[in-house]
Amino acid sequence: MALPNCSLKVNRELLDPSFESYRLSLDSIPTYNVELDAAVAEVKLKDSQYTLDHVRAFGMYNYLHIDPWYEDSVYFVDSKGRVLNLTVTLDTALGKPHEMFRFESDSGSCEGEQLCVSLSLTSATWAALSDGNGKLTLLRTSKRGESSHIKWEPMFSERLGEPFIIVHSLAHVCSHVHTIEVLLLRVQKDPSDTEGSGFSISLEWISVDNSAGQGENEERKYGVRKRRMMKGKSVPHYAAVEPQGKGVVVASEKPFAFTDVDGLPLEEPPAEVMEVENSDPIYFWQQTEEDVTVNVRLPEGTTKDDIRFKLTVDCLRVGVGDHAPQLDGQLFAPVDPEASTWTIKDDKSFCLCSLEVCLQKRSEGPLWSEVVLGDRRGEYLMSDEQKSQLQQRLSYLTSEDLNSNPEKDKPPCNDQELEDCDMFPEDSSTLMRFDGATLKPTHVVSLGSHQFLFSVHIDPSEMPAFSLRHDVDALLWQPRPNQEVVWEHISTFNALGYVQASKRDKKFATCAPNFSYAALCECLRRVFIYRQPSPVDTVLFNRKQGRQVGQVAKQQVANLDTNDPVLGFRATNERLFVLTANNLYVLKVNN
């Protein structure tokens, strides 16, 4: 069954086509340092954790956690098993971090490798904590901003199998039942994966509530209500539960799918659904440098009134009556809707009644590799002229001999010597939304070349936002599953997609919740700040174009006085927090 494709709608009003560059500012950034009493509880990768997925999930873990409900308040865990908090009110009078919770010594054995301790602030009064050994603890924190020195109270603690890290959590109340949704990430050995890394990735969605023990004078006890498992072949760039637990959103290089609920495998789909891939194409398509022609199969007796057709610059929808659309999703490239046409044809060459859609390309020349992104149910028909041209272009790659000239300095390419970075991924990156009730995907976006950059909490009442590279820019998207626009473009960081690609030592990226700046942090010492364009006080002119410049976007660089690797990096509207093994640095970015 084809996945329900959709697209990311870029808000053109948030783009700046006239943006030139960032101007390096030598203005100093006030930097303050808090020396830690004990080192951060860093867990380094072991020899058995050698894959790229292990590095992404655990080696690049952000050990610093920011509180979306209380600004300029951060948390981390030290080697003594203490959850520590630093809340900044005055930069010049930074106190020592306060202990909020301490792990009890636990001699219980874990089923896998020790992982880093992970923390997720679930709500304004709750937090979820993993000990890195497979135990999940849910803590009642009180209102942290008002009671910043009150110790957290554990309300639930249970071992849940192999070690995991917490990637997201949230809380909600329904019918007087308090439910906490937690998303756990594991990298597990997979003996069946003989051609890959030998590991698989699992995301477990766990619901914990206090529906047990509902006596009048008895405090309700928290327990696991439901466990849902989904698996994939790559560590997700982004994974989060929707408000009220109505669904899950996952962005990853390779697709995820739910496999079981409460330990029971999900029912296998009907055989006919699995065989769709081998069935006849539902459409055929051809192209020239100017246009694309698509012939969509139609049921016999279809009339013009039955056709449901919608075409925009970058999206196409074709359907018949009340049936599911045969084509629906984002086009490979922009088209001119006004110059495009459709007509019903009884096409003998295709031996079918079809809807012929002629799409006028907005940019002539580049050939499309598909009509709708991610849709593989069509068949591409190449003209004889195109076949001849393709053969001529590829002729230099072929030879009658395995090596026609072995004396050459550069022997033919050996695919056994290719590195991973030279390979084209089997599955293109996707952004998927799964319904919480059916556990089926409801929205799928092919990210294609839109590189994932970072995720950040903008509004604590909503899911974390995420940033994708679009051309040279970095666009920030806010998931809003209850609205017509499921993913809303809310801000743009000009040229940041291009800039971050040049930072080979980049470890973390983030932005301020009010979008006033974006920031990158290298593995050691250096922090880069990119401010949004702001009006200038003096008159400036662009010498090349001979025009006055009204706004300037500034870049600033801060060098930390340390040789310790950066372990955590978070931003608020006014400050940047940088965590190393022995220090917590506070950078005053905005006044």
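Residues numbered from 1 in each chain as written. Predicted model: local features only at pLDDT ≥ 70, side-chain atom pairs only at ≥ 80, totals over all residues. Heavy atoms only, no water.

Engineer: Explanation requested: the overall build of the chain in the structure shown.
Structural biologist: Scanning the chain from N- to C-terminus turns up four helices and 40 strands. Taken over 591 residues, the chain has a buried fraction of 45%. Looking at the chain as shown, the accessible area adds up to about 31,600 Å², and 47% of this sits on carbon and sulfur atoms. (Helix = DSSP H or I, 4+ residues; strand = E, 2+ residues; numbered from the N terminus. Buried < 20%, exposed > 50% of the residue type's maximum accessible area, 1.4 Å probe, protein only. Areas by Shrake-Rupley, 256 points an atom, 1.4 Å probe, with all protein chains shown as cover.)

Engineer: What exactly am I supposed to notice about the sheet that holds strand β9 (residues 135–140) here?
Structural biologist: Sheets are built from strands that pair by backbone hydrogen bonding, the pairs being arranged parallel or antiparallel. Spatial ordering of the open sheet is given by β7-β8-β9-β10, a layout of four strands whose pairing is antiparallel. Edge positions in the sheet fall to β7 (118–121) and β10 (153–159), since each has one partner strand and no second. Recorded for the sheet is a direction-independent mean angle of 15° between the axes of neighbouring strands. With four bridges connecting them, β7 and strand β8 (residues 126–130) associate as antiparallel partners. Note that in β8 the partner of S120 across the bridge is A128. (Pairing = 2+ DSSP bridges. Axes fitted to C-alpha atoms, helices over the stretch in contact; angles between N-to-C directions.)

Engineer: Would you mind going over the pattern of salt bridges with me for this structure?
Structural biologist: Here the idea is simple: oppositely charged side chains can pair when their charged atoms come close. The full count for this structure, using the stated rule, is 23 salt bridges. Here E20 and R23 are joined by a salt bridge, their closest N and O atoms 3.6 Å apart. E20 gets classed as partly exposed once you look at its relative accessible area, which sits at 36%. Where D190 meets K233, a salt bridge forms, and the shortest distance between an N and an O atom there is 3.2 Å. A residue pair is termed long-range when its members are at least 10 positions apart, and D190 in the loop between β12 (177–189) and β13 (199–212) and K233 in the loop between β14 (221–232) and β15 (238–241) qualify at 43 residues. A relative accessible area of 15% means that D190 is categorised as buried. Owing to a relative accessible area of 35%, K233 belongs among the partly exposed residues under this scheme. (Salt bridge = Lys/Arg side-chain N within 4 Å of Asp/Glu carboxyl O.)

Engineer: Even after reading the chapter, I still don't get the environment of V224, so can you show me in this structure?
Structural biologist: As for its position among the elements, V224 is in strand β14. The exposure class of V224 is partly exposed, given its relative accessible area of 29%. The contacts of V224, once residues within four sequence positions are left out, are F156, E158, L160, I206, S207 and V208. (Contact = heavy atoms within 4.5 Å.)

Engineer: Got a minute to help me understand the packing of aromatic side chains in this structure?
Structural biologist: The geometry of two aromatic rings is summed up by the distance between their centres and the angle between their planes. Counting across every chain of the model gives 13 aromatic pairs. Between Y75 and W152, the ring centres sit 5.3 Å apart and the planes meet at 45°, which makes this aromatic pair tilted. Of this pair, Y75 sits in strand β4 (residues 73–77) while W152 sits in the loop between β9 and β10, and the two are 77 residues apart along the sequence. Overall, Y75 belongs to the buried group, its relative accessible area being 2%. Cluster of aromatic residues (ring-pair linked, three or more members): F19, Y22 and Y530. The cationic tip of R228 hangs over the ring face of W205; the distance from NZ or CZ to the ring centre is 3.9 Å. For K503, the ring lying beneath its charged end belongs to F528, and the centroid distance is 4.7 Å. (Phe/Tyr/Trp six-rings, centres within 6.5 Å; stacked < 30°, edge-to-face > 60°. Lys NZ or Arg CZ within 6 Å of the ring centre and 35° of its normal.)

Engineer: What is the right way to look at the sheet that holds strand β30 (residues 465–470) in this model?
Structural biologist: Spatial strand order, β29-β30-β31-β32: four strands in an open sheet with antiparallel pairing. What marks the edges here is a single partner per strand, and that holds for β29 (452–456) and β32 (487–493). Here the average twist between neighbouring strands, direction ignored, is 30°. Pairing of β29 with β30 involves four bridges; the strand directions are antiparallel. The residue bridging F454 from the neighbouring strand is S467, located in β30.

Engineer: Could you clarify how one ought to interpret the environment of W285 in this entry?
Structural biologist: Positionally, W285 belongs in strand β19 (residues 283–287). In this structure the C-alpha to C-alpha distance between W285 and Y380, which are 95 residues apart in sequence, comes to 5.1 Å. Not counting the four nearest positions on each side in its chain, W285 is found in contact with V292, T293, V294, W368, S369, E370, V371, E379, Y380 and L381.

Engineer: When you look at the nonpolar core in this model, what are you seeing that I'm missing?
Structural biologist: Nonpolar side chains in soluble globular proteins tend to end up buried together. Judged by nonpolar contacts, the single largest core of 44 residues is most densely connected at F76, L203, M230, L579 and L584. The element that contributes the greatest number of residues to this core is β13, accounting for four residues. Sequence-distant contacts of M230, defined by excluding residues within four places in its chain, comprise I201, S202, L203, V248, V250, F256, A257, F258, T259 and F434. (Core = buried A, V, L, I, M, F, W, Y, C linked by side-chain atoms within 4.5 Å.)

Engineer: Teacher, can you tell me more about the side chain of Q188 here?
Structural biologist: Tracing the backbone shows Q188 in strand β12. At 3.1 Å, the side chain of Q188 and the side chain of S202 are in polar contact. The contact partners of Q188, leaving out residues within four places of it in the chain, are E162, G198, F199, S200 and S202. (Polar contact = N/O pair within 3.5 Å; in protein donor to acceptor, adjacent residues only side chain to side chain.)

Engineer: In this structure, what is going on with the pairing of strand β33 (residues 506–511)? I would like to understand it.
Structural biologist: Consecutive side chains along a regular strand alternate between the two faces of the sheet. Extensive coverage of β33 is indicated by the burial of five of its six residues. Summarising the sheet, β33 and strand β34 (residues 517–522) pair through five bridges and their orientation is antiparallel. Note that in β34 the partner of T510 across the bridge is A519. Counting the residues that bridge the hairpin from β33 to β34 gives five residues, and of these F515 lies at a positive phi of roughly 65°.

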